[in-house]
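Chain by chain, the residues run as shown.
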Amino acid sequence: QVQLVESGGGLVQPGGSLTLSCAASGITLDFSAVAWFRQAPGKEREGVSCISTDDDSTDYATSVRGRFTISRDDARNTVYLQMNSLKREDTAVYFCAWQSSRCPPGIGSYPDSYDFWGRGTQVTVSS
């Protein structure tokens, strides 16, 4: 059965770093798009980053570009989100999602196009 399981969330101080993992089972990461979304309390879900695994092209939300890096490890069937220089406004539940195509145009676009979603991992940035 297809599963996406996020891990790596936690409490970190402003300016700190965390690496999130999205481990996939029942599917391959090849020739697909894997995206990270996040949702803060009282706010709408927003796209954070996406990777198209056929060519490793990536896209980032303006708010995280230069601070976050998305990558994949096919041997582990896992996608990562390295988060540096974290800010309080990065606090949210982070979700990963998969679809069998390239990343849609515009980060966070077409969330309904993603076939599978993880349950999320909490990231809290606070002093």
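Preceding block: the structure.
Analysis parameters
- Residues numbered from 1 in each chain as written.
- Predicted model: local features only at pLDDT ≥ 70, side-chain atom pairs only at ≥ 80, totals over all residues.
- Heavy atoms only, no water.
- Helix = DSSP H or I, 4+ residues; strand = E, 2+ residues; numbered from the N terminus.
- Buried < 20%, exposed > 50% of the residue type's maximum accessible area, 1.4 Å probe, protein only.
- Contact = heavy atoms within 4.5 Å.
- Disulfide = S-S within 2.5 Å.
- Pairing = 2+ DSSP bridges.

Enquirer: So what about the environment of Leu4? Which residues, and what values?
Expert: By the element assignment, Leu4 lies in strand S1 (residues 3-7). Note on Leu4: relative accessible area 8%, which makes it buried. Beyond its immediate sequence surroundings of up to four residues, Leu4 is in contact with Cys22, Ala23, Ala24, Ile27, Cys96, Ala97, Trp98, Phe116, Trp117, Gly118 and Arg119.

Enquirer: Give me the lowdown on the state of the cysteines, citing residues and values where you can.
Expert: Under the definition given, this model contains 2 disulfides. Here Cys50 engages in a disulfide with Cys103; their sulfurs sit 2.0 Å apart. The sign of the -95° torsion about the S-S bond sets the Cys50-Cys103 disulfide as left-handed. Residue Cys50 is found in strand S5 (residues 46-52), and its partner Cys103 is found in the loop between strand S9 (92-99) and strand S10 (116-117); the two are separated by 53 residues along the sequence. With relative accessibility at 2%, the residue Cys50 sits in the buried group. On the accessibility criterion, Cys103 (18% relative accessible area) is buried.

Enquirer: Account for the pairing of S1, naming residues and giving values.
Expert: Side chains Leu4 and Glu6 project from S1 onto a buried face, and the interleaved Gln3, Val5 and Ser7 project onto a face without burial. Across 5 bridges, S1 lies against strand S3 (residues 18-25) in antiparallel orientation. Paired with Leu4 across the bridge in S3 is Ala24.

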